[in-house]
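Observations on chain architecture
Listed below are the residues making up each chain.
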Amino acid sequence: MKEKLLRTDTKALVGAVIIGIVFLIMDQVTGRIDGILDPTLLLLNGTSWAFFTGLIVLMYKQPAGIIAGLVEAFVAMATAYSPLAFFFLFANTLGSIAYSLIASQLSMKKLSHHLIAMLGCTVIGNFCVAIGLINVFHLDWKIAILSSALTTLVGTIVAGILTKSVYRSLQKSALL
């Protein structure tokens, strides 16, 4: 990437809202699946969140990443699909900023670059979720950190690989 962090053209801002809507639909679906499987372990939802956060930042930069993340978080709160939805405001915003800052320093041509940027995003975002797990579900901090660490690990690896693959395909197709 090694380019500017900000992009405020109409295409980026409108694209952020449109992709943000796809982002929130996917997170609504994966959040409900996670709720059935284990509401404290957001593996599918965390991976979906990380993938869309990274992809939107790579495609449209900031403030698009923040806009899309906030759209997802506000709809999550409005639909009450998770008791942790309030904490998604912070996870989505800070995770997006972390991804942007790291990706702006790397070429994003190697899988390792995507994994490093994704790691920064998921650590910050899942830390916010861990705070939610402690405050909402009253989990012991050790269990909340373990849950968030597992979600971070899965999200970093799976979303990092998916983001690289999709971003590379978008570059080859000249859609960016």
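Higher on the page you've got the structure.
Here goes a summary of the coordinates provided. (Residues numbered from 1 in each chain as written. Predicted model: local features only at pLDDT ≥ 70, side-chain atom pairs only at ≥ 80, totals over all residues. Heavy atoms only, no water.)

**Quick notes on the packing of helix α2 (residues 43-60) against helix α4 (residues 85-103)**
Helix-helix packing is described using two parameters, namely the angle between the two axes and the distance between the axes. Direction vectors running N to C along α2 and α4 enclose 45°, while the axes themselves pass 9 Å from each other. As summarised for this structure, α2 and α4 are arranged oblique, according to the angle between their axes. Between α2 and α4 the crossing geometry is right-handed. Between α2 and α4, the contacting residues are N45, W49, T53, G54, V57 and L58 on the first element and F88, A91, N92, G95, S96, Y99, S100 and A103 on the second. When its residues are assigned to classes, the contact of α2 with α4 shows seven nonpolar, seven polar and no charged. (Axes fitted to C-alpha atoms, helices over the stretch in contact; angles between N-to-C directions. Helix = DSSP H or I, 4+ residues; strand = E, 2+ residues; numbered from the N terminus. Parallel < 35°, antiparallel > 145°, perpendicular 65-115°, else oblique. Left-handed = near helix turned anticlockwise from the far one by under 90°. Contact = heavy atoms within 4.5 Å. Nonpolar A, V, L, I, M, F, W, Y, C, P; charged D, E, K, R; others polar.)

**Describing the packing of aromatic side chains**
Applying the stated criterion across every chain, the model contains four aromatic pairs. Judged by centre distance (5.1 Å) and plane angle (70°), the ring pair of F51 and F52 falls under edge-to-face. When the centroid spacing of 5.5 Å and the interplanar angle of 80° are considered together, the rings of F86 and F87 count as edge-to-face. Taking the relative accessible area as the measure of exposure, F86 reaches 43% and is therefore partly exposed. Owing to a relative accessible area of 14%, F87 belongs among the buried residues under this scheme. An aromatic cluster of three or more residues is present, and its members are F23, F51 and F52. (Phe/Tyr/Trp six-rings, centres within 6.5 Å; stacked < 30°, edge-to-face > 60°. Buried < 20%, exposed > 50% of the residue type's maximum accessible area, 1.4 Å probe, protein only.)

**With respect to the environment of V14**
Locating V14 in the fold gives a position in helix α1 (residues 10-37). Once the C-alpha coordinates of V14 and F90 are considered, the two residues, 76 residues apart in sequence, prove to be 22 Å apart.

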